[in-house]
Amino acid sequence: MATPDRLTATLALAHALSAAERGLPVIPLSRSKLPALRSPHHEERDSCADIPPSPPCRGECGLPGHGVHDASADPATVRALFAAAPRATGYGIACGRPPHHLIGIDLDTKHGADPAAALERLARDHRFTIPDTVTVLTPSGGRHLWLAGPPDLAVPNSASRLAPGIDVRGTGGYLVGPGSLTGQGVYHLAPGTAALPVAPCPPALLALLSPRPRGPRNPPRLPPPGQDRRPGRTSGHGLVEFVRAAHEGQRNTRLFWAACRAYENGLGPALAPALTEAALHTGLSLHEARSTIASAARLTTGTHA
């Protein structure tokens with residue numbers, strides 16, 4: 001008969017393979033919610049204390065034990081990872097990876113915070129709707145909301161930056177998967193959400209989650225017509241081209257993100273007509289384009305476009 005530890009590891013693998021079937025890259029976790037595989041470089045670090053550190057290996061060596069960088073949705077790879085971690089009790093889901101580019105909104109109720117109410121206030125203040133999506137209930141009474149981000153935007157990880165108790169798991173982070181056993185208990189799918197698709201992140205929320213550019217102290221301005229408008233200049237040409245290159249399903253998100261960056265850098269009023277034209281090129285209607293740009297103006301400056 002299998003031991004309880006072996007049964008737990010087998011169940012964790014089964015849950016991980018189920019997640020991988022949905023295209024979610026996974027890694028084995030221990031009861032502490034940390035990756036279950038030890039780094040193959042730990043002895044190198046211990047023996048080279050006096051040598052300047054080299055860039056960290058993220059799996060280039062071909063060995064497992066690189067945390068979230070090991071994550072895979074390939075069933076054979078997942079089985080191999082769990083075979084190397086026989087004491088795993090759960091699994092982590094890597095965020096920011098294709099095809100879902102998962103963003104995790106972690107509503108953590110510890111320390112007396114009320115993150116659900118804080119998220120509702122953010123939704124009200126910034127005029128977005130919290131979508132129905134896959135939701136995982138944590139042993140401590142919190143919730144993880146799964147949202148899909150755009151493929152070309154790396155959402156950073158953060159803790160209580162949006163509001164107390166709202167943590168964000170983005171590129172380079174991971175979420176504890178449902179069915180995992182940890183030292184605090186078991187993570188479960190919220191009733192009625194298991195069959196839901198991962199909902200797209202609302203553009204206004206995505207703008208709040210996105211990294212803010214560190215612009216110059218004095219906001220840049222558009223040069224006169226005919227002057228340099230190459231991508232990457234402060235002319236805003238790069239933002240316009242970013243919108244023009246949008247495919248269906250990312251048009252509003254790209255336009256909103258670009259408009260926010262434009263208004264943050266003092267380019268909003270001057271760049272709005274070009275952004276509108278670029279949005280029309282992608283297939284958005286004039287009403288949709290103007291509404292999205294106006295929302296960006298409200299969010300970043302508190303004014304109307």
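Being a predicted model, the structure only gives us computed values, none of them experimental.

Definitions and limits used
Residues numbered from 1 in each chain as written. Predicted model: local features only at pLDDT ≥ 70, side-chain atom pairs only at ≥ 80, totals over all residues. Heavy atoms only, no water. pLDDT = per-residue confidence, 0-100. Contact = heavy atoms within 4.5 Å. Buried < 20%, exposed > 50% of the residue type's maximum accessible area, 1.4 Å probe, protein only. Helix = DSSP H or I, 4+ residues; strand = E, 2+ residues; numbered from the N terminus. Arc of directions from axis to C-beta. Pairing = 2+ DSSP bridges. Axes fitted to C-alpha atoms, helices over the stretch in contact; angles between N-to-C directions. Polar contact = N/O pair within 3.5 Å; in protein donor to acceptor, adjacent residues only side chain to side chain.

Draft legend 1. Local environment of the confidence of the model for the protein. Summarising the model, the protein shows a mean pLDDT of 84, and 84% of its residues fall at 70 or more. Ignoring residues within four places in sequence, the model shows residues 45–53, a span with pLDDT below 50, making 1 contact including any to other chains. Within the model, pLDDT remains below 50 along residues 214–234, and this stretch shows 29 contacts once partners closer than five positions in the same chain are excluded.

Draft legend 2. Spatial organisation of helix α3 (residues 75–83). Listing the buried residues of α3 in full gives Val78, Leu81 and Phe82. One side of α3 holds all its buried residues, which, seen down the axis, span an arc of 95°. Exposed residues pointing more than 90 degrees away from the buried face of α3 are listed as Ala76 and Ala83.

Draft legend 3. Region of the structure containing the sheet that holds strand β2 (residues 90–94). If you trace the 3 strands from one edge of the open sheet to the other, you get β1-β2-β8, paired in antiparallel fashion. Single-partner strands in this sheet number two, and they are β1 (26–29) and β8 (174–176). Shown here is a sheet whose adjacent strand axes are inclined to one another by a mean of 35°, direction ignored. Here 3 bridges tie β2 to β8, and the two strands are oriented antiparallel to one another. Of the residues in β8, the one forming a bridge with Ala94 is Tyr174. In the packing of α3 onto the sheet, contacts are made with β1 and β2, and the angle to β1 comes to roughly 15°.

Draft legend 4. Here's a closer look at the environment of Thr282. Within the element layout of this structure, Thr282 appears in helix α8 (residues 268–282). Measuring from C-alpha to C-alpha, the distance between Thr282 and Arg244 comes to 6.1 Å, with 38 residues separating the pair along the chain. The residues contacting Thr282, other than those within four sequence positions of it, are Val243, Arg244, Ala246 and Arg251. Engagement of the side chain of Thr282 in a polar contact is seen with the backbone oxygen of Ala279, the distance being 2.6 Å.

Draft legend 5. The arrangement of the pairing of strand β7 (residues 166–169) in detail. Pairing analysis gives 4 bridges linking strand β3 (residues 102–107) to β7, with the strands arranged antiparallel. Within β7, the residue paired with Gly104 across the bridge is Arg169. Inspection of the sheet shows strand β6 (residues 158–159) paired to β7 by 2 bridges, in the antiparallel sense. Pairing of Ser158 across the sheet is with Val168, part of β7. Between β6 and β7, which follow one another and run antiparallel, lie 6 residues, and Ser160 among them has a positive phi close to 60°.

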